[in-house]
Amino acid sequence: MGLGHDHGHDHTHGANKKALMISFFIISAYMIVEVIGGFITNSLALLSDAGHMLSDAISLGVGVLAFTLGERAANYGKTYGYKRFEILAAVFNGVTLIVISLYIFYEASKRFANPPEVASTGMLVIAFIGLLVNILVAWILLRSGDTEENLNLRAAYLHVLGDLLGSVGAIVAALLILFFNWGWADPLASVIVAILIMVSGWRVTKDAIHVLMEGAPENIEVEAIIHTIENVQGVLSIHDLHVWSITSGQNALSCHAIVDGGMKVEESQTLLRTIEHELKQKGIGHATVQLEDSSQPHENSIMCQFGQDLSAHHHSHSH
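Residues numbered from 1 in each chain as written. Predicted model: local features only at pLDDT ≥ 70, side-chain atom pairs only at ≥ 80, totals over all residues. Heavy atoms only, no water.

### Here we look at the overall build of the chain
Phase 1: A count of helices and strands for the chain gives 8 helices and 3 strands.
Phase 2: Starting at the N terminus and walking to the C terminus, you meet the elements of the chain as α-α-α-α-α-α-α-β-β-α-β.
Phase 3: Going through the 319 residues of the chain one by one, you find that 46% of them count as buried.
Phase 4: Within the chain, contacts between residues separated by at least 24 positions form 75% of all contacts whose residues are at least 6 apart in sequence. (Helix = DSSP H or I, 4+ residues; strand = E, 2+ residues; numbered from the N terminus. Buried < 20%, exposed > 50% of the residue type's maximum accessible area, 1.4 Å probe, protein only. Contact = heavy atoms within 4.5 Å.)

What follows is the structure, encoded as structure tokens:
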């Protein structure tokens, strides 16, 4: 954290990307080890932990790609070509996680009915190294990345923490098999990991679909936004308001504002700047505001007649 803010945005961006890159390679490499180990030791807990690591690797990889593509898109200013990629990847990631977790539940149910032999010593060693790997990656992300602000990084960090729990689960299961010969501990640990995977998969999918459906961003209160704009001196009222997310953490808005008819060009420019400035404070980086003269109001003002007769407007919208 300490590094980020003194050197400005570029430094934080670079540090974030580097932290994600290193973490991605470490996690991917260990995931392969865990898959092989899971098959050799016959441990479903290890395999499900590897499944969780796969989800980690995907989210880290998506993070790296989003940063790389984001850099490319910066030249085009406000056209958000590549920014949407992150959201599509998030949907893919979320659905993959749900599928993995369902498969683990299915496998575990067979194992509860008839627990196979598990090579618990090997399982213990692999799970323990897995725990160390996750601690290392969590430390890298915390130390050099901006886990507070950047959604991509935060998602990756939470994934790694979930993974850590998965490794702890596998360690406990290995110890129980080692000391008490409780074969069911292995499928039980895998079910706990599968629940973690399912929850994060569901969350990721739900949030990403909300963004793709152009839903209002969750951290933005539309009422507050309306008040903010209408409180700017010179704005009489607003309508046709849309607020949506381009990608996580980047919100956009478009609306029509009715202003006093006698306003000069310079005044309207100042007014627009004030509105943009106020909206920035509220977390909206891209605002498109169309000013309209109060002497010739717009017929179909959706916001003004909200609640009256909506069926009267056959007014199609698009941004």
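Structure's up, so let's keep going.
### Points about a nonpolar patch on the surface
Phase 1: Residues Phe112, Leu175, Leu178, Phe179, Phe180, Trp182, Trp184, Leu188 and Ile192 make up a contiguous nonpolar surface patch of about 870 Å² in total accessible area.
Phase 2: When residues of the nonpolar patch are traced back to their parent elements, those giving at least two are helix 5 (151–180) and helix 6 (185–212).
Phase 3: In terms of residue count, the dominant contributor to the nonpolar patch is helix 5 (4 residues).
Phase 4: Within the element layout of this structure, Phe112 appears in helix 3 (residues 83–113). (Patch = residues over 30% accessible without salt bridge, like charges linked within 9 Å, V, L, I, M, F, W, Y side chains within 5 Å. Areas by Shrake-Rupley, 256 points an atom, 1.4 Å probe, with all protein chains shown as cover. Salt bridge = Lys/Arg side-chain N within 4 Å of Asp/Glu carboxyl O.)

### Description of the packing of aromatic side chains
Phase 1: A full pass over the atoms with the stated rule returns 4 aromatic pairs.
Phase 2: Pairing Phe24 with Phe25 gives two aromatic rings, centres 5.5 Å apart and planes at 65°, and the pair type is edge-to-face.
Phase 3: A residue is classified by how much of its surface remains accessible, and Phe24, at 25% relative accessible area, is partly exposed.
Phase 4: Here Phe180 and Trp182 contribute two aromatic rings whose centre-to-centre distance is 4.8 Å and whose plane-to-plane angle is 25°, an arrangement assigned as stacked.
Phase 5: Chaining the aromatic ring pairs together yields one cluster made of Phe180, Trp182 and Trp184. (Phe/Tyr/Trp six-rings, centres within 6.5 Å; stacked < 30°, edge-to-face > 60°.)

### Quick notes on the pattern of salt bridges
Phase 1: Under the defined criterion, the tally for this structure stands at 2 salt bridges.
Phase 2: Of the charged contacts, one joins Asp186 and Arg111 as a salt bridge, the two residues approaching to 3.0 Å between their closest N and O atoms. Of this pair, Asp186 sits in helix 6 while Arg111 sits in helix 3, and the two are 75 residues apart along the sequence. Summarising the burial analysis for this pair, Asp186 and Arg111 share the class buried.

### Side note on the sheet that holds strand 1 (residues 235–247)
Phase 1: Read across the sheet, 3 strands follow the order 1-2-3 without closing on themselves; strand pairing throughout is mixed. Edge positions in the open sheet fall to strand 1 and strand 3 (286–293), since each of these has one partner strand only. Here the average twist between neighbouring strands, direction ignored, is 10°.
Phase 2: Relative to strand 1, helix 7 (residues 222–230) is tilted by about 135°, and along the sheet it contacts strand 1 and strand 2 (250–259). (Pairing = 2+ DSSP bridges. Axes fitted to C-alpha atoms, helices over the stretch in contact; angles between N-to-C directions.)

### Here's the deal with the pairing of strand 2
Phase 1: The element strand 2 is largely enclosed, with a buried count of 9 among its 10 residues.
Phase 2: One ladder, built from 9 bridges, connects strand 1 with strand 2; its direction is antiparallel. What sits directly across from Trp244, in strand 2, is Ala252.
Phase 3: Across 8 bridges, the pairing between strand 2 and strand 3 is parallel. Pairing of Cys255 across the sheet is with Val289, part of strand 3.
Phase 4: Read from strand 2 through helix 8 (residues 265–281) to strand 3, the crossover connection turns out right-handed. (Right-handed = clockwise from strand over helix to strand, strands pointing away.)

### Examining helix 6
Phase 1: Helix length check: helix 6 (28 residues) gives 40 Å between terminal C-alpha atoms against 40 Å at 1.5 Å per residue, within 8%.
Phase 2: Just past helix 6, the residue Glu214 takes up positive phi, approximately 60°. (Expected span 1.5 Å × (residues − 1).)

### Regarding unusual backbone geometry
Phase 1: Backbone geometry at Glu214 places phi at a positive 60°, although glycine is not the residue there.
Phase 2: By the secondary structure assignment, Glu214 is in the loop between helix 6 and helix 7.
Phase 3: One non-glycine residue, Asp240, lies in the positive phi region at around 50°.
Phase 4: Position of Asp240 relative to the elements: it lies in strand 1.
Phase 5: Given the relative accessible area of 7%, Asp240 is considered buried.

### Looking at the nonpolar core
Phase 1: Residues Leu20, Ile27, Leu46, Met53, Leu60, Met123 and Leu141 are the most contacted members of the largest nonpolar core, which totals 34 residues.
Phase 2: The greatest single-element share of this core, amounting to 10 residues, is contributed by helix 5.
Phase 3: Contact partners of Leu20, with chain neighbours within four places excluded, come to Leu60, Gly63, Val64, Phe67, Leu141, Leu153 and Ala156.
Phase 4: Within the second largest apolar cluster, 19 residues are counted, among which are Ile226, Cys255, Leu279 and Val289. (Core = buried A, V, L, I, M, F, W, Y, C linked by side-chain atoms within 4.5 Å.)

It is worth stressing that arrangement in space is one thing and function is another; only the former is reported here.
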